[in-house]
Amino acid sequence: MRSTTVRRGTVGAVVGTVWLAGLYLAAPLVGGFAPVALAEGIIVRSPGWLSTLAVGLLGFSAKPVLLASVLVGIVALSAIGGAVWPRVRAETPFLAGFLAVGATVAVFLAAGVPLSPSAVLGVVVAVVPAYIASRLLSTPTTRRSPDRRRFLRRIGAVAVVGTGSLLGVRAAFDRLAGGRGRGGDVDGVDAGGSDGGTDAAGEASPVATPGDPRFDFEGMPAAVTAPEDHYVVDINIRPPDLDPASWTLDVDGAVERPYSLSYDELREHDASVEQVTTMVCVSNTVGGDLIGTPRWTGVQLSDLVADADPAAEAVDVVTHAADGYSEAIPLDIVEREDILIAYRMGSEPLATEHGFPARLLVPGRYGMKMTKWITRIEVSAADHEAYWEARGWDEEAVVNTMSYVRGVERDGDRVVVGGVAFGGLATGVEEIAAVEVSVDGGDTWTEAELESPIAPHAWRRWRYAFDAPNRSEFEVVVRAITRDGTVQTEERSSPRPSGATGWHRRPVRV
Ligand SMILES: Nc1nc2c(c(=O)[nH]1)N[C@H]1C(S)=C(S)[C@@H](COP(=O)(O)O)O[C@H]1N2
Ligand SMILES: [Mo]
């Protein structure tokens, strides 16, 4: 009898896997791959000490590991369910269908999917393939056929064909939708590959860019990042969709004159300025892609706060967002004129995923400081514990000095390598004074050419051209030097809690 139990367990696992593939197929209908939302829900609801411990043990891969555990857990539960499943009787198919619908609805509810016709369709899309798989596998083979090989072949066929075709259909959907769907993205702590350099040269935003064309070559990012090329990171599976007609920005707390602004009042505010500013996620690994330098338009936060007349005991400015996110910055830093409530990126209103209608922009700090979907600016007389701070990340989040290798191109004997360099400061302007590059793995170093600054808090592109008639493989290493002469630290540290450090090292062939 033991082998029957094993077989049934295997059937359960396959049905569970097909169900997961069905959930993935349904993702565009319900705003995302539901298990991601479950994992996010666990992160958000777990106490700060637990997420701190998890990230401490697992590093910045805590979120992918958690998601993987959720997936494996679901398959394991299905296997157990299959193993203890009652013998096939007339009513069992109904019971199975009922269970599958129940599980799907429960997962969607836990993931915060709102009830709608597309959610109902999502349930159908998720359940039907798993149901078909269970019917195909449960009837005669598990009971009668003694032929183990045949059974295994059948299981394998259902698993591969079922899962494969669901994933294929989903990929086709994504292609039709232009590949911009967010569903299933594991945003946040996972920070892309380490080799970077995927931005095509010359993909500049339609606005006239101040970049020097000599720094536009194979693999180099545009000087100014087009909105659609800027990375997206947040805690949501589905970004808040705010209606600009009813949205208000409230400025209140420890102030004499609380007030609110409508979307139009914000855009017509006279303290509006335009600035090109680099933003990088604290979870970016050395050389990673969670960095961009868009052109922003917004209202100076100092003006918005001053208009409310802060009380003498005010210490912090807390920004609150529609998704429950919050961040705090000390009042004395808010006096800087380059901290904006931004409502435009490039020449367009902020995209939904970048915080429409408005978001905070704090130059020189990591992206986590830059609250999207902002609804309230609270002047606070007490120290506020912000969202990521409560989860063990650095409170000040000043950007570490960094430099990345991005581009490489050959023209005859001549080779040019290049990339970007950036650093933040608690106050003051961007501080990169020089970039040094090695093409022999760090044995010898040369000073690279730096593009003239395009803005005070924008990255600097760098390039280094040299003759290499007889060599095609190089190990490029780069390090930046700040204005006070400090060389970027070689010491590797993980993104948590204060951002990654270390020299970017990248083998290239050209
Ligand atoms: N409301 C809200 N704002 C947020 C976040 C969030 O999860 N919710 N994530 C922050 C983080 S960690 C980063 S790196 C930036 C990313 O902004 P972007 O997606 O526009 O690049 O937004 C920040 N602002
Ligand atoms: Mo971030």
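Placed above this text is the structure.
Residues numbered from 1 in each chain as written. Chains lettered and ligands numbered in written order. Predicted model: local features only at pLDDT ≥ 70, side-chain atom pairs only at ≥ 80, totals over all residues. Heavy atoms only, no water.

A.B. asks: Would you mind showing me how to read helix α6 (residues 117-138) here?
C.D. replies: The α-helix advances 3.6 residues per turn, and as a result positions three or four apart in sequence lie on the same side. Taking 1.5 Å per residue, 22 residues should reach 32 Å; α6 reaches 31 Å between its end C-alpha atoms and fits that length. Among all positions of α6, only Ala-119, Gly-122, Val-123, Ala-126, Val-127, Pro-129, Ala-130, Ala-133, Ser-134, Leu-137 and Ser-138 are buried. (Helix = DSSP H or I, 4+ residues; strand = E, 2+ residues; numbered from the N terminus. Expected span 1.5 Å × (residues − 1). Buried < 20%, exposed > 50% of the residue type's maximum accessible area, 1.4 Å probe, protein only.)

A.B. asks: Please clarify how the packing of aromatic side chains should be interpreted in this entry.
C.D. replies: Two aromatic rings are characterised by how far apart their centres lie and by the angle between their planes. Per the stated rule, a full pass over the model turns up 9 aromatic pairs. Relative to Phe-474, the ring of Phe-466 has its centre 5.3 Å away and its plane inclined at 85°; by these criteria the two rings are edge-to-face. Members of the aromatic cluster, joined through ring pairs, are Tyr-325, Tyr-387, Trp-388 and Trp-393. Across from the ring centre of Tyr-24, 4.3 Å away, lies the NZ or CZ of Arg-170, which sits over that ring. (Phe/Tyr/Trp six-rings, centres within 6.5 Å; stacked < 30°, edge-to-face > 60°. Lys NZ or Arg CZ within 6 Å of the ring centre and 35° of its normal.)

A.B. asks: It is not clear to me how unusual backbone geometry should be interpreted in this structure. Could you clarify?
C.D. replies: Backbone phi values are negative for most residues with the exception of glycine, while trans is the configuration of most peptide bonds. The peptide bond linking Phe-356 to Pro-357 adopts the cis configuration, its omega dihedral lying at 5°. Here Pro-357 is to be found in the loop between β10 (348-349) and β11 (359-361). Here the bond from Arg-496 into Pro-497 is cis, since omega is 5°, no more than 30 degrees from zero. In this fold, Pro-497 is placed in the loop between β19 (473-482) and β20 (504-509). Positive phi, close to 60°, is recorded for Asp-309, a residue that is not glycine.

A.B. asks: Honestly, the nonpolar core in this entry has me stumped. Any pointers?
C.D. replies: Side chains of a nonpolar character, in soluble globular proteins, are inclined to be buried together. In terms of nonpolar packing, the biggest core is built from 44 residues, with Leu-266, Leu-301, Ile-341 and Ile-377 touching the most fellow members. Taken together, the elements giving at least two residues each to this core come down to β1 (248-253), α9 (263-267), β6 (295-300), α10 (301-306), α11 (331-334), β9 (340-345), β11 and β12 (374-380). Among the elements that take part in this core, β9 stands out by supplying 5 residues, more than any other. Not counting residues up to four positions away in its chain, the partners in contact with Leu-301 are Val-317, Ile-329, Val-334, Ile-339, Leu-340, Ile-341, Leu-360 and Ile-377. Counting 36 residues, the second-largest nonpolar core is a separate cluster that includes Val-15, Val-18, Val-30 and Ala-37. (Core = buried A, V, L, I, M, F, W, Y, C linked by side-chain atoms within 4.5 Å. Contact = heavy atoms within 4.5 Å.)

A.B. asks: What exactly am I supposed to notice about empty space enclosed by the protein here?
C.D. replies: Over the atoms a probe the size of a water molecule is rolled, and this reveals where empty space is left. Under the criterion given, the structure shown has 3 cavities of 30 Å³ or more. Put simply, the largest cavity is a space of about 320 Å³. In terms of residue class, the lining of the largest cavity is made up of 15 nonpolar, 5 polar and 4 charged. Considering only enclosed or pocket space, the second largest cavity measures out at about 80 Å³ in volume. With 3 residues, strand β13 (residues 402-411) is the largest single contributor of residues to the lining of the second largest cavity. Within the lining of the second largest cavity, the residues separate by chemical class into 8 nonpolar, 8 polar and no charged. Residue contributions to the lining of the second largest cavity reach at least three from each of two domains, namely domain 2 (213-387) and domain 3 (402-509). (1 Å grid on protein atoms, 1.4 Å probe; cavity = no way out; pocket = protein on both sides within 12 Å on 5 of 7 lines; lining within 4 Å. Points joined across faces, edges and corners; volume = space filled by probe spheres on them. Nonpolar A, V, L, I, M, F, W, Y, C, P; charged D, E, K, R; others polar. Domains from an automatic or database assignment.)

A.B. asks: Would you explain the sheet that holds strand β2 (residues 259-262) in this entry?
C.D. replies: Adjacent strands of a sheet pair through backbone hydrogen bonds, lying either parallel or antiparallel. Reading across the sheet, the 5 strands line up as β2-β1-β12-β7-β8 and stay open at both edges, with mixed pairing between neighbours. The sheet terminates laterally at β2 and β8 (326-330), the two strands that pair on one side only. The mean angle between the axes of side-by-side strands here comes to 15°, regardless of whether they run parallel or antiparallel. Note that strand β7 (residues 316-321) and β12 share 6 bridges and pair antiparallel. Within the sheet, the bridge partner assigned to Ala-321 lies in β12 and is Ile-374. (Pairing = 2+ DSSP bridges. Axes fitted to C-alpha atoms, helices over the stretch in contact; angles between N-to-C directions.)

A.B. asks: Can you walk me through the site of ligand 1 in this structure?
C.D. replies: Near ligand 1 you find 20 residues, and of these Tyr-231, Asp-323, His-354, Arg-359 and Lys-372 are the closest. Out of a free accessible area of 540 Å², ligand 1 has 99% covered by protein chains. Cavity membership is defined here by more than half of the atoms lying within 2 Å of grid points; on that basis ligand 1 lies in the largest cavity. Within the shell around ligand 1, the residues separate by chemical class into 12 nonpolar, 4 polar and 4 charged. (Near = heavy atom within 4 Å. Areas by Shrake-Rupley, 256 points an atom, 1.4 Å probe, with all protein chains shown as cover. Sits in = over half its atoms within 2 Å of the grid points.)

A.B. asks: How should I be thinking about the pattern of salt bridges in this particular structure?
C.D. replies: A side chain with one charge can pair with a side chain of the opposite charge if their charged atoms come near. Considering all chains together, one arrives at 18 salt bridges under this definition. For Arg-376, the salt bridge identified is with Asp-252, shortest N-O distance 2.9 Å. On the criterion of sequence distance, the pair formed by Arg-376 in strand β12 and Asp-252 in strand β1 is long-range, its members being 124 residues apart. Judged by relative accessible area, Arg-376 falls into the partly exposed class, the value being 26%. Counted as one network, the salt bridges with shared partners bring together Asp-212, Arg-214, Glu-449 and Arg-463. (Salt bridge = Lys/Arg side-chain N within 4 Å of Asp/Glu carboxyl O.)

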